Amino acid sequence: VGSGRLTVVTCGRRYGRMNGRQEERMFFWILSRKDIEDANPALADHVIISINGPDDDAPAAVKRNSYTKGVLVLHFDDLDEEVGPSFRRVYGRDVVLFDEEHAAQVHKFVKDADVKHVVVHCHMGVSRSAAVGAALSVWLNGHDKGFHGYRRGLHPRDTYVYAQRCLTPNAYVRRVLLDYLMQQE
């Protein structure tokens, strides 16, 4: 079903794991801030993880629909590692890296959601959102196929990923979140 420049996709269900139990696979939409402010693509019960920068005046105006079961708002920089004092001189503030507190929020939010669809957005829909989706996919689906390289639209059948852009997951965010999720099993 078309919705502006987004394409809404409904998928069949597959089976994977969540905390050692057999569960239905998790599907992911990886979007930009503009995408999520223009339309909500999910036509099934879902949650939204809204990733914003620390300097954003306001979080994204996330479009909700009748299937939206919750929104988690996070604020952190799109950086792959700790940076030196030059960042503070240029931007006039300390860096805000994704950390275990963010990871714990994501874990609790997704675990408690009881949905099989997750919409994740960040400013461009390329790095931070792809990293969160990739880590969650490894934890829940056993792989992160479809989260790397150019794909537009629904990725191949076994990936459960929908994206509008070339995805390049932030390695630091993916590692911190995945390490945290794997410790919870």
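Residues numbered from 1 in each chain as written. Predicted model: local features only at pLDDT ≥ 70, side-chain atom pairs only at ≥ 80, totals over all residues. Heavy atoms only, no water.

Engineer: I keep staring at the packing of aromatic side chains and nothing clicks. Help me out?
Structural biologist: One pass over the full model with this rule turns up two aromatic pairs. Centroid distance Phe28 to Phe147: 5.7 Å. Interplanar angle 75 degrees. Geometry classified as edge-to-face. Pair noted here: Phe28 is in strand S5 (residues 27-32) and Phe147 is in the loop between helix H4 (128-141) and strand S9 (153-154), with a separation of 119 residues, a long-range link. By the burial criterion, Phe28 is buried, and Phe147 matches it. The ring of Phe76 carries Arg128 above its face, with NZ or CZ at 5.9 Å from the centroid. (Phe/Tyr/Trp six-rings, centres within 6.5 Å; stacked < 30°, edge-to-face > 60°. Helix = DSSP H or I, 4+ residues; strand = E, 2+ residues; numbered from the N terminus. Buried < 20%, exposed > 50% of the residue type's maximum accessible area, 1.4 Å probe, protein only. Lys NZ or Arg CZ within 6 Å of the ring centre and 35° of its normal.)

Engineer: Could you clarify how one ought to interpret the pattern of salt bridges in this entry?
Structural biologist: Opposite charge on two side chains allows them to pair when their charged atoms are near. Under the defined criterion, the tally for this structure stands at six salt bridges. Residue Asp38 pairs with Lys34 through a salt bridge whose shortest N-O separation is 2.7 Å. Here the residue Asp38 and the residue Lys34 both occupy positions in helix H1 (residues 33-38), the gap between them amounting to four residues, near one helical turn. With a relative accessible area of 48%, Lys34 lands in the partly exposed category. The salt bridge partner of Asp144 is Arg174, with a shortest N-O separation of 2.9 Å. Of this pair, Asp144 sits in the loop between H4 and S9 while Arg174 sits in helix H5 (residues 171-183), placing them 30 residues apart in sequence. Given the relative accessible area of 15%, Asp144 is considered buried. (Salt bridge = Lys/Arg side-chain N within 4 Å of Asp/Glu carboxyl O.)

Engineer: Hey, could you run me through the pairing of strand S8 (residues 117-122) in this one?
Structural biologist: Walk down a regular strand and you will see the side chains alternate between the two sheet faces. S8 sits mainly inside the fold: six of its six residues count as buried. For S5 and S8, the ladder comprises six bridges, and the chain directions are parallel. The partner of Leu31 across the bridge, within S8, is His121. Relative to S8, strand S6 (residues 46-52) runs parallel, the two sharing four bridges. Looking at the pairing, Ile48 lines up with Val119 of S8. (Pairing = 2+ DSSP bridges.)

Engineer: Got a minute to help me understand the packing of helix H3 (residues 100-113) against H4 in this structure?
Structural biologist: The axes of two packed helices give the description: the angle between them and the distance between them. The contact between H3 and H4 brings their axes to 12 Å, and the two run at 55 degrees. Comparing the axis directions of H3 and H4 gives the class oblique. Classified by chirality, the crossing of H4 by H3 is right-handed. In contact with Val106, His107 and Val110 of H3, H4 contributes Val132, Leu136, Trp139 and Leu140. The residue makeup of the contact of H3 with H4, split by class, is six nonpolar, one polar and no charged. (Axes fitted to C-alpha atoms, helices over the stretch in contact; angles between N-to-C directions. Parallel < 35°, antiparallel > 145°, perpendicular 65-115°, else oblique. Left-handed = near helix turned anticlockwise from the far one by under 90°. Contact = heavy atoms within 4.5 Å. Nonpolar A, V, L, I, M, F, W, Y, C, P; charged D, E, K, R; others polar.)

Engineer: Would you explain the side chain of Asn52 in this entry?
Structural biologist: In this structure, Asn52 sits in strand S6. Here Asn52 is in contact with Arg33, Ala58, Pro59, Ala60, Val73, Leu74, His75, Phe76, His121 and Arg128, once residues within four sequence places are set aside.

Engineer: How do you make sense of unusual backbone geometry when you look at a structure like this?
Structural biologist: Trans is the common state for peptide bonds, and a negative phi is the common state for residues other than glycine. For Asp114, which is not glycine, the phi torsion reads 55 degrees and is therefore positive. With respect to the element layout, Asp114 can be found in the loop between H3 and S8.

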